[in-house]
Amino acid sequence: MDNFKITDNDIDNIQRLLGNGIHFDRERRKVIKAFDGKDVQAFPGTGKTTMLVAKIGILASKWQIPYQGLCVLSHTNVAKDEVKNKLGKTSAGQQLLQYPHFIGTIDSFFSEFIASPWIRSQGKKISIIDDDIAAGYRKSKIPRKYLYSLSKRGNTGYDIQYANQIGRISLHGISSRTTSYKMCINAIENSIENGIYTYKEVLLYALDALRSDNEISKIISGRFPLVFIDEAQDTSLIQGTLIKLTFNSSIVQSFGDQNQEIFENTRENDSAFFPTANEIQPYVINDSQRFSNQIAKLASPLAITDKGVTGSQKNYANIKNKILLFDKQHIDRVLPKFGDLILKNFSDDVLENNKNLKCFAVGFIHHRDEKADSKFFPRGVYNYYHDYLPKLSQSTTLKRDFVYLIDYFRYAKFLLQTTHSSYWAIVEVNEGLRRVANQRAAGNVYQSGGKYPFSPFKKALSDKEMSSFREVVFSSLFQDIDTKKDWYKLLTKFTYFMKKMGDNKAAHNFIEWQEDNVGLKRSFDNDSNVYHYRNETKHRQVDVYLNSIHGIKGQTHLATLVLESHYYDYCLKKLLPLLEGGVPTDKQKKQKIFLMLMKTHYVAMTRPKAFLCLALPENEVNDSDKKKLLRIGWDIEYV
């Protein structure tokens with residue numbers, strides 16, 4: 001890429017374009033200018049994605065190769081959303097979001113460019129890629145007594161998938177010679193015949209394609225000479241292998257933070273994708289613009305890297321970060337105490353100016369487990385807020401009755417974004433389409449399918465048509481419906497299927513385009529778990545959002561409360577020596593669970609812009625601990 005050179009003048013221009021006081025210093029400019037393939041180790045709040053957006057924005061403005069493009073891959077669509085939000089109205093931003101460039105998730109890239117064409121070339125269908133739907137479908141094909149045998153040995157529906165290669169599965173305590181194993185293989189094969197795959201299986205097919213045909217990598221690497229990986233620390237072994245095989249002649253630059261690698265599948269063995277296993281030192285950006293140096297100092301002992309994070313945010317440097325000690329019998333007082341502290345630290349004007357950041361209470365565990373809950377307290381987020389429901393469970397309890405079809409699709413997109421699963425999004429879309437079907441049939445012909453969202457439509461569609469219908473529904477979740485033109489373009493894909501449901505055209509008004517409803521969007525947000533704290537004396541209030549630590553990764557908050565949870569042991573109690581400024585022992589550095597607790601709680605503690613709290617039962621902290629906590633900079637308060 002000798003013909004591409006990014007200058008300081010280019011960076012000055014994109015800096016002005018991005019606005020919001022963004023400033024790229026000398027170290028960040030080095031990263032933006034670099035085409036040497038070196039990794040970027042960027043700590044929390046250092047503007048990692050903003051640097052990436054600036055770099056690709058500059059490149060897009062200069063791009064003159066019509067059949068080659070930039071490729072930006074991540075695990076979510078954060079980078080794509082950043083381009084839309086910050087560069088969407090510019091010509092460079094508009095170019096980035098269309099051919100020849102690609103910005104999207106790693107899984108969607110390998111599905112679109114390699115796996116789907118490869119699967120179809122073998123005469124197979126590919127309609128739906130979703131772990132939840134695949135697990136449910138496959139379980140339905142296995143007799144109950146064999147499901148019991150699988151469950152008894154610790155297997156779930158999610159284990160009924162190809163593991164490390166196509167044709168093989170890995171089940172706990174189940175031999176490949178058993179009937180249970182063969183039943184699982186048959187269920188997978190039946191699922192694939194109907195075009196239903198898990199995300200991992202699609203990646204396995206992509207891997208199979210690359211290993212079978214060397215020309216594929218030559219073509220794709222030629223198509224994308226520059227590749228950028230965002231959130232690279234969460235790249236799994238199979239994803240990393242695919243990236244290396246596919247882009248073997250491209251320049252690849254990875255952005256990530258080793259300290260924030262919190263998803264369990266990222267280290268299947270010692271072959272890590274990030275940082276790259278070579279002797280080249282990465283670029284290191286460790287001065288966070290998110291929080292103060294006080295918060296940086298408190299969080300740094302949980303970092304696994306030798307170099308820690310520093311904080312340059314000075315607006316809230318005088319706020320004292322708290323350890324909240326509570327009596328387990330009065331655990332219900334923890335959230336009100338946090339709410340009260342928020343109101344004491346921030347005026348209503350500050351809360352209003354930072355309303356997009358929100359205040360959060362988070363914990364490592366947020367799914368109930370009756371057996372574990374009977375032994376350990378507090379075990380999860382729900383112990384602090386009895387109305388708490390994990391996102392997926394909550395979605396099942398909601399009874400939606402939207403006025404227009406488009407709002408089902410909008411809500412489905414919201415669910416996809418917040419739950420990171422397409423299953424509940426598909427449930428919502430199909431509920432809307434079921435209403436269309438009943439209106440066209442002039443009666444309640446199509447009954448709700450409950451856990452099986454496609455079952456109502458089997459009355460009208462053949463097996464072949466059902467396969468196509470599933471594919472259209474799934475793909476609709478990823479299509480824009482921001483404009484009237486977008487909406488009607490999407491509707492045309494359902495026209496054939498809706499005609500099969502009935503001839504009555506009474507559904508016309510229900511399917512009409514409607515402008516985005518701000519109040520409806522707000523009601524979506526209200527589905528989140530929110531504790532509403534109100535100080536009756538001062539007539540002030542604040543909302544505290546609750547979630548798991550995994551659910552808030554990548555976010556910035558105004559204030560964050562980290563709640564004690566139990567996972568093999570009490571998490572904060574286990575980490576207490578580090579929270580007091582100590583270092584992990586050599587033994588702890590080799591313990592997978594301990595390292596996972598370090599990383600997850602590091603992520604949680606580096607979310608707040610202004611105010612950090614930890615909540616622990618008072619019996620977990622002795623007098624010696626309190627002295628050490630005070631010495632490192634914590635302020636201790638009893639609830």
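Everything that follows concerns the structure shown earlier in this document.
Only a predicted model underlies this, so the values are computations on that prediction, with no experimental measurement involved.

Engineer: Is there a simple way to think about the sheet that holds strand β18 (residues 608-617) in this case?
Structural biologist: Strands pair in a sheet through their backbones, by hydrogen bonds, and they do so in one of two ways: parallel or antiparallel. Strand order in the open sheet formed by seven strands is β13-β14-β12-β15-β18-β11-β19, and the pairing between neighbours is mixed. Single-partner strands in this sheet number two, and they are β13 (530-535) and β19 (635-638). Here the strands of the sheet are splayed against their neighbours by 25° on average, with no regard to which way each runs. Bridging between strand β11 (residues 322-326) and β19 involves four bridges; their strand directions are parallel. Paired with Ile323 across the bridge in β19 is Ile636.

Engineer: Just to check I follow, could you spell out the packing of aromatic side chains for this structure?
Structural biologist: The description of an aromatic ring pair uses the distance of the two centres, along with the angle that the planes make with each other. According to the stated counting rule, one finds 27 aromatic pairs in the structure shown. Ring centres 5.9 Å apart and planes at 75° place the aromatic pair Tyr316 and Phe346 in the edge-to-face group. Of this pair, Tyr316 sits in the loop between β10 (310-311) and β11 while Phe346 sits in the loop between α14 (334-345) and α15 (348-353), and the two are 30 residues apart along the sequence. Here Tyr316 and Phe346 have matching classes, each one buried. Each residue in the set Phe409, Phe454, Phe457, Phe469, Trp487, Phe494, Tyr496 and Phe497 is aromatic and connected to the rest through ring pairs, giving one cluster. Positioned above the aromatic ring of Tyr283, the side-chain terminus of Lys38 is 4.2 Å from the ring centre.

Engineer: In this structure, what is going on with the sheet that holds strand β8 (residues 283-285)? I would like to understand it.
Structural biologist: Pairing is parallel in the open sheet, where six strands are placed in the order β3-β2-β6-β7-β1-β8. The open sheet has two edge strands, β3 (102-105) and β8, and neither has a second partner. On average, each strand axis in the sheet is tilted by 15° relative to the strand beside it, whichever way the strands run. Alignment of strand β1 (residues 40-42) against strand β7 (residues 251-256), held across two bridges, turns out to be parallel. Each bridged residue has a counterpart across the sheet, and for Val40 the counterpart in β7 is Phe255. Where helix α6 (residues 106-121) meets the sheet, it contacts β2 (70-74) and β3, and its direction lies at approximately 115° from that of β3.

Engineer: Even after reading the chapter, I still don't get the packing of α6 against helix α10 (residues 199-212), so can you show me in this structure?
Structural biologist: Describing two packed helices takes the angle between their axes plus the distance from one axis to the other. Where α6 meets α10, the axes come as close as 8 Å, and the angle between the chain directions of the two elements is 60°. Both α6 and α10 take part in a crossing whose hand is left-handed. Taken together, the residues of α10 that come into contact with α6 (itself represented by Asp107, Phe110, Ser111, Ile114, Ala115, Trp118 and Ile119) are Tyr199, Val202, Leu203, Tyr205, Ala206, Asp208, Ala209, Leu210 and Ser212. Among the residues making up the contact of α6 with α10, the classes are represented as 12 nonpolar, two polar and two charged.

Engineer: What is the right way to look at the environment of Met466 in this model?
Structural biologist: Assignment of secondary structure puts Met466 in helix α20 (residues 463-476). Spatially, the C-alpha atoms of Met466 and Phe497 are 9.1 Å apart, while their sequence positions differ by 31 residues. In this structure Met466 touches Phe454, Phe457, Lys458 and Leu461, once residues within four positions along its chain are discounted.

Conventions used here
Residues numbered from 1 in each chain as written. Predicted model: local features only at pLDDT ≥ 70, side-chain atom pairs only at ≥ 80, totals over all residues. Heavy atoms only, no water. Pairing = 2+ DSSP bridges. Helix = DSSP H or I, 4+ residues; strand = E, 2+ residues; numbered from the N terminus. Axes fitted to C-alpha atoms, helices over the stretch in contact; angles between N-to-C directions. Phe/Tyr/Trp six-rings, centres within 6.5 Å; stacked < 30°, edge-to-face > 60°. Buried < 20%, exposed > 50% of the residue type's maximum accessible area, 1.4 Å probe, protein only. Lys NZ or Arg CZ within 6 Å of the ring centre and 35° of its normal. Contact = heavy atoms within 4.5 Å. Left-handed = near helix turned anticlockwise from the far one by under 90°. Nonpolar A, V, L, I, M, F, W, Y, C, P; charged D, E, K, R; others polar.

In short, the description is geometric, and any link to function would need to be established separately.
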